[in-house]
Amino acid sequence: MPQALLLGCYGRHTLTTPPTTDQPPVSAINVRITAMKKRMALSSAACAAVLAVLPLAGTASAAGYTVTHTSGPHTGDKCTWSNSCAGSASFVHDGDHLLVWDNVGDGHSVVVEYERSDVGGSDYIRDWNHYSKYTRLDIDMDIPEDGWITYRVCLGDYGSRSVLRDTCSSFFWESAD
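Since the structure is predicted, the reported quantities are computational estimates derived from the model, not experimental observations.

Our next topic: the packing of aromatic side chains. Summed over all chains, the structure comprises three aromatic pairs. Both rings, one in W128 and one in Y158, keep their centres 5.8 Å apart while their planes meet at 70 degrees; by these two values the pair is edge-to-face. In this pair, W128 is assigned in strand β6 (residues 125–129) and Y158 in the loop between β8 (148–157) and β9 (162–164), connecting sequence segments 30 residues apart. Classification of Y158 as partly exposed rests on a relative accessible area of 27%. Taken together, a centroid distance of 5.8 Å and an interplanar angle of 85 degrees make the contact between Y151 and F172 edge-to-face. Here F172 lies in strand β10 (residues 172–175) and Y151 lies in strand β8, a separation of 21 residues in the sequence. Residue classification places Y151 among the buried positions, given a relative accessible area of 0%. Against the face of Y158 rests R161, its NZ or CZ located 3.7 Å from the ring centre.

With that settled, the discussion passes to the state of the cysteines. Under the defined criterion, the tally for this structure stands at two disulfides. Here C79 engages in a disulfide with C85; their sulfurs sit 1.9 Å apart. One quick way to see it: the torsion about the S-S bond of C79 and C85 is about -70 degrees, and its sign makes the bridge left-handed. The exposure class assigned to C85 is buried, which follows from its relative accessible area of 14%. With its sulfur 2.0 Å from that of its partner, C154 forms a disulfide with C168. Judged by the sign of its S-S torsion, about 110 degrees, the bond between C154 and C168 is right-handed.

Cut-offs used in this document
- Residues numbered from 1 in each chain as written.
- Predicted model: local features only at pLDDT ≥ 70, side-chain atom pairs only at ≥ 80, totals over all residues.
- Heavy atoms only, no water.
- Phe/Tyr/Trp six-rings, centres within 6.5 Å; stacked < 30°, edge-to-face > 60°.
- Helix = DSSP H or I, 4+ residues; strand = E, 2+ residues; numbered from the N terminus.
- Buried < 20%, exposed > 50% of the residue type's maximum accessible area, 1.4 Å probe, protein only.
- Lys NZ or Arg CZ within 6 Å of the ring centre and 35° of its normal.
- Disulfide = S-S within 2.5 Å.

As structure tokens, then:
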């Protein structure tokens, strides 16, 4: 979360009276303090609303990621299209894990595009294995037992988040149970 947002939401408001010898009447100070309290309350409410929503922004993807190095290439259930399986992916039912391998040091990242039954939206969810040759990205999905996932694996450019569509496998549908 941006530091400026946090600073704007926490403890930067103090109520002080100006250090002058010509103090306004007490009623004028009370009006200013009341106005400041209202602005602080509105600001605090706005910050609380933002802070309450921000944790939800990451839920469209996976619950957790683990990256491990492998001893060599791995052929998963799906391989990238017509390029000697430069990337591959598999869904593991026990624990609902989507595994994504980078099998070739070709300068491209491996991306898995998927839809899942418990997450709506108008676009695919994308997770990137951009960690280098012979790495496996483990995405902990936590899909409901009666759910499903459909996925494909592609190559892409992680920096620009562009997917090389001509490298994508066909989609593969699997039940979560």
